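# Structure assessment
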Amino acid sequence: MAQAAGRGKLADSHPSPDYLGGFIHFSNGVHGVIECGAGAPDVPEVPYWWRKCRLGAQGTDGFAEVMTGGGWRAVTKTGFCSGGGSMNYDLDMPPYVAEMADWLDDEKKVHACNFWHGLGRL
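Residues numbered from 1 in each chain as written. Predicted model: local features only at pLDDT ≥ 70, side-chain atom pairs only at ≥ 80, totals over all residues. Heavy atoms only, no water.

## Side note on the environment of aspartate 102
To be explicit about the condition: Helix numbers and strand numbers start at the N terminus; a helix is a DSSP run of H or I with at least 4 residues, a strand a run of E with at least 2.
When you line up the elements, aspartate 102 lands in helix α1 (residues 89-105). For aspartate 102 and lysine 52, which are 50 residues apart along the polypeptide, the C-alpha to C-alpha distance reads 32 Å.

## Regarding the pairing of strand β3 (residues 31-37)
Put simply, the test is: Whether two strands pair comes down to DSSP finding at least two bridges between them.
In this sheet, β3 lies alongside strand β2 (residues 19-25) in antiparallel orientation, the contact comprising seven bridges. Residue pairing for β3: glycine 22 is matched across the bridge by isoleucine 34. Taken together, β2 and the strand that follows it, β3, pair antiparallel across an intervening segment of five residues, in which glycine 29 is found at a positive phi of about 95°. Bridge count for β3 against strand β4 (residues 53-59) is six bridges, and the pairing is antiparallel. The residue bridging cysteine 36 from the neighbouring strand is cysteine 53, located in β4.

## Brief notes about the sheet that holds strand β5 (residues 62-67)
This is how it is decided: Axis geometry follows a simple rule: fit a line to the C-alpha atoms, using only the stretch in contact for helices, then measure angles between N-to-C directions, giving values from 0 to 180 degrees.
One open sheet accounts for seven strands, arranged β1-β2-β3-β4-β5-β6-β7; its pairing is antiparallel. Of all the strands in the sheet, the pair left with one neighbour each is β1 (2-5) and β7 (79-83). Direction aside, the axes of adjacent strands within the sheet are offset by 10° on average.

In structure tokens:
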């Protein structure tokens, strides 16, 4: 289930709603929450406004979340752990784009970010 609100940025050069929130319920009982935009809770650990979004999953024994440009953290029944991480375009984009080119050249080399692949149906 998801919801988008706000039309203020739809005419922008990078069109997007002002707020996007989504809720995921996995078959194993894990619940996920996706929020981004001006209406989402602030992510003070992340310095740049355009990266203030997070993806989290909550289970019966804890939670885990990743913050775009701000690393990750988790609380489990054995304790707390966290780590850094941020996208490095110089290192991360070339293999991503190369995989797209491979897929265009050979339809059997489906990109890892393909919708059906991500859904686990490939």
